[in-house]
Amino acid sequence: MLKIASMEINSHNCLKAFLLIFFFVGFTYSNTYDASWHFDDFGNIVENPKLHIFDLYPESLSKTIRASINDGYYNNQSLYRPVAMFSFALNWYFGKADVIGYHIVNTLVHITAAFFLYLSIFNLLKTPNIGNRYRGNRHPIALMAAIMWAVHPIQIQGVTYIVQRMASMAAMFYIMAIFFYLKGKLSEQWPFFYYSLCLLTGLLALGSKENATILPLSILWVEIIFFQKIKRLNIQKYGLISVVVIFFLGLVFVFYTTHLSFLDGYSYRPFTLSQRLMTEARVIVLYFYKLIYPVASNYSIGHDIEISTSLFSPWTTIPSIIVIFALVGASIKTIKQYPLIGFSLLFFFLNHLVESTIIPLELIFEHRNYLPTMFLFLPLAAGLQFVLDFYRNKNKGLLLFIFAAASSLLFLTGLATYTRNFDWKSEETLWTSAIRSAPGNPRFYQNLASLYYQSTGAYDKAIALHEQALLLKDKRPEYSKMVSFDNLQFNYLRKKEFDKAVFYGKKALEVYPDSNNARYNCIVSLLSVNKLEEADHQVDVLITERKRPDLTFLYMKAHILLKLKNLDSSKAYILRAFKSSPLASKSQMYLGFYHFGVKHYDQTDYYLNLAIPGMMRSDQPLLYLVLIENAIHAGWPQKLEHYCNQFLSNFTVTEIIDVIEKMEREKYPLVKLSYKILRGQLSEAISAQAASLPNQGYPLDCF
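Attention in this report is confined to the structure presented alongside it. (Residues numbered from 1 in each chain as written. Predicted model: local features only at pLDDT ≥ 70, side-chain atom pairs only at ≥ 80, totals over all residues. Heavy atoms only, no water.)

### A look at the overall build of the protein chain
Of regular secondary structure, the protein chain possesses 31 helices and 0 strands. Projected onto its principal axes, the C-alpha coordinates of the protein chain cover approximately 100 × 55 × 45 Å. Here the protein chain holds 703 residues, and the buried ones make up 52% of them. A separation threshold of at least 6 residues defines the contact pool for the protein chain, and within that pool the share at least 24 residues apart is 70%. Put simply, the protein chain shows about 33,000 Å² of open surface, and 62% of that area lies on carbon and sulfur atoms. Computed over 65 positive and 51 negative side-chain charges, the separation of the two mean positions in the protein chain equals 12 Å. (Helix = DSSP H or I, 4+ residues; strand = E, 2+ residues; numbered from the N terminus. Buried < 20%, exposed > 50% of the residue type's maximum accessible area, 1.4 Å probe, protein only. Contact = heavy atoms within 4.5 Å. Areas by Shrake-Rupley, 256 points an atom, 1.4 Å probe, with all protein chains shown as cover. Lys, Arg positive; Asp, Glu negative; His and termini not counted. Charge placed at Lys NZ, Arg CZ, Asp CG, Glu CD.)

Below is the structure:
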């Protein structure tokens, strides 16, 4: 820093800046490449079939840009963050579910964003309204500010959390657009070329995440603050007008009875629009605290934020609002004298408008600061450079002390990022750290239980965590209790304690009857104890509540009616499912079972043959047994031999015996089969294949 203070930018300095950024970011994120999938990663990437491409043909690539979740149905026909989703699809093509490739790309995006931040700041310091104020120091100031931003732990969620590439990629293209705009304004040659690149990268930013819609306003502020010769009074006047307009628009949104359609999301949030606006003031102040005090323990994937129910409850609400208005007002008032401070603060607040105001999102996430904080370290870097220059020839000892202190602070900030990244190693470490940060939040106990212990088979630990969550208060108490009861049901099902599973399934519906997912899981538990009539009633609730019921509900209804041997009633639901999804293996399977029940041999044979290739291996034995018995009844000796041979070639004799014995014990089988006949037929098939089955170790009459 001491040696480069007088240097201006050139290709050599650009390369050196890039390498320094690469080194600092590479160090602080060097322990993230094996960090596991987390939380929203699963729905958006790991379980998203539209991203799982196996070739690079246009047809495969085109589906990736419409890969929204849609509550797990993945059937959206509109664009959904196409640039980010396309990048995830390419990651999947090259590395499938191996996380290392995703982390490498995320880190490279972060490095690129930091480098273009450096370039943008350097060009900001060359603008007319800055003049020669920082001439000779533009390079070190820009480099310091970019590195401070890049290594700060508040950026971790935007980098280490794989799915938040949406946020970091949007910010990367966003800062590139600002850089190209500045180049267009400052270049005497080819300005149209740079403006075209500005438009292109702006569109790419918008295609990565919707918060990039603020880009035109950010560019407008760049133009006003750094290029326009506006009098101080005019700046104050226009700034004040902007604040007043935003304030009154806020009042309209709070008190006007007919909200925009996206505000319907407040119907399932534990806060109203006015409560969210008041709470977000406290959240913004909390963000500033996290920025000023970068200790690893201050950061978490979740926070326990009390909702502001009035300006005085909690008492920190009104002071937070005053702080924000004071900062905005001071920024506007002093923007001519201190443009870097004014611009950085206004950029921060402006780019929080989308996610931290009226849209009914979750109250707080640290990755929302990735873009807004980009210029926030610029005044600090400029101030530090001023102090170094001031003491350069006056007090060498103090100069070295300040330099050492600043370098140590930068190192410790990066070390905090490195340390905090260890919490992202697994779902266990992530949610354990969240519990340490907010021990009173039941959702973190639920996430640790369901996202880690349940998935690893540690059901007793998961049960203990959900029981602990039930003792804690939540902003949505009924919903929170439903989540724990529903997961307790799941764990007891896995433990084969079916009566307890049914008990907790009913408790989940009792506290939150509007949850289709909990109702469906309750049906699964009821089926485990053969309470078919009760399960049938619950399925009817699911189907009647929807004009177009989910295919899964139709399958469940058909499944229950087949078990009840009510073939006539099952037909209508099976046909509805088949018409809805004729190529689905389950649709074909249930239609085949229906035809078997009414002795339509040809149709049974046709549909079950269609179904088998798409069914899970554990479900295939039943289909083979039905095909074998169907061939016996139809008098098809060649097909009978073929199906027996297929069955014996795909499954061991041990597996087949276990399947038949399990089916014989079923009180309400899905399909009524003649097991005595099947055993005899399979014994004959084994006798015919005795020479080719020497290692099975079973006598010919083993069935």
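### Some words on the packing of helix H27 (residues 601-611) against helix H28 (residues 620-634)
At their nearest, the axes of H27 and H28 sit 10 Å apart, and the two run at 155° to each other. The angle between the axes of H27 and H28 places the two elements in the roughly antiparallel class. Where H27 crosses over H28, the two elements pack in a sense that is left-handed. Residues Tyr601, Thr604, Asp605, Leu608, Asn609 and Ala611 of H27 pack against Leu623, Val626, Leu627, Asn630, His633 and Ala634 of H28. Taken together, the residues that form the contact of H27 with H28 break down as 7 nonpolar, 4 polar and 1 charged. (Axes fitted to C-alpha atoms, helices over the stretch in contact; angles between N-to-C directions. Parallel < 35°, antiparallel > 145°, perpendicular 65-115°, else oblique. Left-handed = near helix turned anticlockwise from the far one by under 90°. Nonpolar A, V, L, I, M, F, W, Y, C, P; charged D, E, K, R; others polar.)

### Examining unusual backbone geometry
Each neighbour pair has its own omega, and for Ser313 with Pro314 the value is -5°, a cis peptide bond. Phi at Lys496 is positive, roughly 65°, even though this residue is not glycine. Note that Lys496 resides in the loop between helix H20 (477-494) and helix H21 (498-511). One non-glycine residue, Lys565, lies in the positive phi region at around 60°. Within the secondary structure layout, Lys565 lies in the loop between helix H24 (551-563) and helix H25 (567-580).

### Quick look at empty space enclosed by the protein
Gaps left between atoms show up when a probe the size of a water molecule is rolled over them. For the structure on display, the rule yields 1 cavity of 30 Å³ or more. Every residue lining the largest cavity is listed: Ala167, Ala171, Lys209, Asn211, Glu355, His367, Arg368, Tyr370, Leu371 and Pro372. Considered class by class, the residues forming the lining of the largest cavity number 5 nonpolar, 2 polar and 3 charged. (1 Å grid on protein atoms, 1.4 Å probe; cavity = no way out; pocket = protein on both sides within 12 Å on 5 of 7 lines; lining within 4 Å. Points joined across faces, edges and corners; volume = space filled by probe spheres on them.)

### Considering the environment of Gly184
With respect to the secondary-structure elements, Gly184 resides in helix H8 (residues 165-186). Residues Gly184 and Asn48, spaced 136 residues apart in sequence, show a C-alpha to C-alpha distance of 40 Å.

### Some details on the state of the cysteines
Evaluated as defined, the whole model comprises 0 disulfides. No disulfide involves Cys198; its sulfur sits 19 Å from the nearest other cysteine sulfur, which is in Cys14. (Disulfide = S-S within 2.5 Å.)

### Some points on the side chain of Ser168
Of note, Ser168 is situated in helix H8. Beyond its immediate chain neighbours, meaning those up to four positions away, Ser168 contacts Val109, Gly158 and Tyr370.

### Concerning a positive patch on the surface
On the surface, Arg494, Lys496, Lys662 and Arg665 cluster together into a patch of positive charge. You can see Arg665 is positioned in helix H30 (residues 653-665). (Patch = residues over 30% accessible without salt bridge, like charges linked within 9 Å, V, L, I, M, F, W, Y side chains within 5 Å. Salt bridge = Lys/Arg side-chain N within 4 Å of Asp/Glu carboxyl O.)

### As for the packing of H8 against helix H9 (residues 191-206)
Two elements in contact, H8 and H9, have axes separated by 8 Å at closest approach and are oriented at 165°. With respect to their mutual orientation, H8 and H9 come out roughly antiparallel. Pair H8 / H9 crosses with left-handed handedness. Between H8 and H9, the residues in contact are Ala170, Phe173, Tyr174, Met176, Ala177, Phe180, Tyr181, Lys183, Gly184 and Lys185 and Pro191, Tyr194, Tyr195, Leu197, Cys198, Thr201, Gly202, Leu204 and Ala205, respectively. Among the residues making up the contact of H8 with H9, the classes are represented as 14 nonpolar, 3 polar and 2 charged.

### Observations concerning the nonpolar core
Looking at soluble globular proteins, one finds that nonpolar side chains tend to be buried together. Among the nonpolar cores identified, the biggest contains 136 residues, and Ile21, Met374 and Phe375 are the most heavily contacted of them. The contact partners of Met374, leaving out residues within four places of it in the chain, are Ala113, Leu117, Trp149, Ala171, Ile175 and Phe347. Core analysis: the next-biggest nonpolar cluster, separate from the first, contains 73 residues, Cys522, Tyr590, Leu678 and Ile686 among them. (Core = buried A, V, L, I, M, F, W, Y, C linked by side-chain atoms within 4.5 Å.)

### A short note on a nonpolar patch on the surface
Taken together, the side chains of Leu15, Phe18, Leu19, Phe22, Ile100, Ile104 and Leu108 make up a nonpolar region of the molecular surface, amounting to roughly 610 Å² of accessible area. For the nonpolar patch, the secondary structure elements donating two or more residues are helix H1 (11-28) and helix H5 (99-124). When residues in the nonpolar patch are grouped by element, the largest group, 4 residues, is from H1. Of the residues examined, Phe22 reaches a relative accessible area of 42% and is grouped as partly exposed.

### Remarks on H28
Taking 1.5 Å per residue as the helical rise, H28 with its 15 residues ought to reach 21 Å, and the 21 Å between its terminal C-alpha atoms agrees with that figure. Summarising burial for H28: 12 of the 15 residues are buried, a large majority. Where H28 is concerned, the buried positions are Gln620, Pro621, Leu622, Leu623, Tyr624, Leu625, Val626, Leu627, Ile628, Glu629, Asn630 and Ala631. Tucked inside the fold, the buried residues of H28 contact helix H26 (585-597), H27, helix H29 (637-650), H30 and helix H31 (675-688). One or two steps after H28, the chain reaches Gly635, where phi turns positive at roughly 75°. (Expected span 1.5 Å × (residues − 1).)

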